Amino acid sequence: MITLPPSYVEQMRRQLGAESAAFLASYDAPRTQGLRLNPLKTGLLEKGLDRLELKSRFGLEPVPWCDTGFYYDEASRPGKHPFHAAGLYYIQEPSAMSAVELLAPEPGDIVLDLAGAPGGKSTHIAGKLRGAGLLVSNEIHPARARILSENIERFGIRNAIVTSASPPQLEERFPRFFDKIMVDAPCSGEGMFRKDPEAMDEWSPDHVTMCAARQSDILDSALAMLKTGGRLAYSTCTFNEKENEKVIAGLLQRYPSLRIERTERIWPHLQRGEGHFVCVLRLEEDPGTGRPALSAAAAKRPEGRPKRGAVRPEEEAIRLYEAFAADTLSPEERALPPGEPVLYGEQLYWLPHAAGCPLDRGWLQGLKVLRPGLHLGEVKKGRLEPAHALALSLPDASYATRVFDLPDESDAAERYLRGEALHTDEAAGGWTLVAVAGFPIGWGKLSGGQLKNHYPKGLRKP
Ligand SMILES: C[S@@+](CC[C@H](N)C(=O)[O-])C[C@H]1O[C@@H](n2cnc3c(N)ncnc32)[C@H](O)[C@@H]1O
């Protein structure tokens, strides 16, 4: 039984009138749990529920507002299953699945997720992009940005750049740049009290006022980055009108060329989910607000050209990647998509170039970038050691020449995820993709009847 702050109860009675009794009673009902399947994995949406028995394993039932979303039975703990490590799904509160459905990104879009951690909306957006277009996924707090980056990796996303910047920093770099922007704003979290009673500790009317002011500032930056004709989704997990309808009303006053396309609320006494608010807006004309937005050309910071004849370290690193790929990846996977190599120290990334989007590595200079595209590997002693992200980015195990496929609920899968070496009768040697039920979970290196474990130390199960 949750004890709600008295001034919050009073506020909701005022807001909902006769309906408030049913609303307040919803706090005694069980919270809802959801997961969202990953469309980037081969055939998962079409066959995964039956072939992998996900439906019966986790007691899945469809979430009405998201075709990849499902309620699950809490006792089945899908977050602990090796399929989670393989990025087959993202654990997400069902109501939170509504925001990206309403933003409706499409393959080819250039999208910004401005407040991205831990990654629920970003992984959802990337699933909808299906590898075409670009996602800039940002989180202001560095520690949370690292979690976001891990989730981008686990989901196998190739066309995302993960940054950790404040909205004004990004605004300066990316004026009128994005087709679609997600602003899942920090809020007072009233809609999460049932799921996370600790969210109540911070709640107070003053905190709500502070949140509303911060949300307006974040939205101002977001709007400076939205292309004319572009769409922005603003979402919160609070019921508070000051942070929802009133923030939007203020925005419409400041930007008369902004139109509301749709507003949705999810109420726990009316739907099966926690509280959520989403407003989808379209910018019909350039607002010309006088905010100091740089032109796209001015924002770009071109790099110096390398001396003629000099081999750039990126080119050398890509040659090492190509040698690795020729040995380890299937022919259709060896060719890299349009893009360019980026070296951060010894770490090699592939920065995708999306059609119609000018972003190249010059745009990232001076920004804190955790992941400038797909992490291909680390240059070590004149060879390329493949990155975990590269394994997870393969849509299934058929994209590798050597595969160590483990049954999903096997002792071997658990041991691999704990970082142990595995024994094998395989005589071949070299880098080997490790998979569960045909879906990649990492790399191993075969030698002398042993599979040396390359599952990242930071992800290993205790
Ligand atoms: C509701 S959470 C985002 C959840 C995320 N979109 C997801 O679906 O997993 C809001 C995020 O905004 C970040 N944040 C806090 N202050 C911020 C600010 N001033 N500007 C931008 N983001 C901020 C928080 O660190 C938090 O990660």
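Computed from a predicted model, the values in this text were never measured in an experiment.

For the rest of this paragraph, the subject is the overall build of the protein chain. Scanning the protein chain from terminus to terminus reveals 16 helices and 21 strands. Here the C-alpha radius of gyration of the protein chain, 23 Å, is about what a compact globule of 462 residues would show, namely 23 Å. Considered along the principal axes of its C-alpha atoms, the protein chain spans approximately 75 × 55 × 35 Å. In the protein chain, buried positions account for 56% of the 462 residues. Counted over contacts in the protein chain with a minimum sequence separation of 6, partners at least 24 positions apart contribute 72%. A total of about 19800 Å² of accessible surface is found on the protein chain, and carbon and sulfur atoms cover 51% of it.

What follows is about the domain arrangement of the protein chain. Looking at the assigned domains, one finds that the protein chain contains domain 1 (6-30 + 92-283), domain 2 (313-392) and domain 3 (397-459). Relative placement of domain 1 and domain 2: their C-alpha centres are 31 Å apart. Contacts between the two partners involve 24 residues from domain 1, matched on the other side by 21 residues from domain 2. Buried surface at the junction of domain 1 and domain 2, summed over both partners, amounts to about 2100 Å²; 64% is from carbon and sulfur atoms. When the area that domain 1 buries against domain 2 is broken down by residue, the three leading residues are Glu-153, Arg-158 and Arg-173, summing to 32%.

Two side chains with opposite charge may pair up if their charged atoms get near one another. Across all of its chains, the model carries 30 salt bridges by this definition. Of the charged contacts in the structure, one is a salt bridge between Lys-227 and Asp-179, with a shortest N-O distance of 2.9 Å. Linking Lys-227 in strand 9 (residues 226-236) with Asp-179 in strand 8 (residues 178-184), this pair joins segments that are 48 residues apart in sequence. The residue Glu-245 makes a salt bridge to Arg-265 at a minimum N-O spacing of 3.0 Å.

Neither face of strand 1 (residues 34-37) is left uncovered, since the one carrying Gly-34 and Arg-36 and the one carrying Leu-35 and Leu-37 both have all their residues buried. Where strand 1 lies against strand 4 (residues 89-91), 3 bridges are found, and the strand directions are antiparallel. In the sheet register, Leu-35 faces strand 4, and the bridge partner there is Ile-91.

Rules and cut-offs
- Residues numbered from 1 in each chain as written.
- Predicted model: local features only at pLDDT ≥ 70, side-chain atom pairs only at ≥ 80, totals over all residues.
- Heavy atoms only, no water.
- Helix = DSSP H or I, 4+ residues; strand = E, 2+ residues; numbered from the N terminus.
- Rg over C-alpha atoms; globule rule 2.2 N^0.38 Å.
- Buried < 20%, exposed > 50% of the residue type's maximum accessible area, 1.4 Å probe, protein only.
- Contact = heavy atoms within 4.5 Å.
- Areas by Shrake-Rupley, 256 points an atom, 1.4 Å probe, with all protein chains shown as cover.
- Domains from an automatic or database assignment.
- Buried area = accessible area lost by both parts, 1.4 Å probe.
- Salt bridge = Lys/Arg side-chain N within 4 Å of Asp/Glu carboxyl O.
- Pairing = 2+ DSSP bridges.

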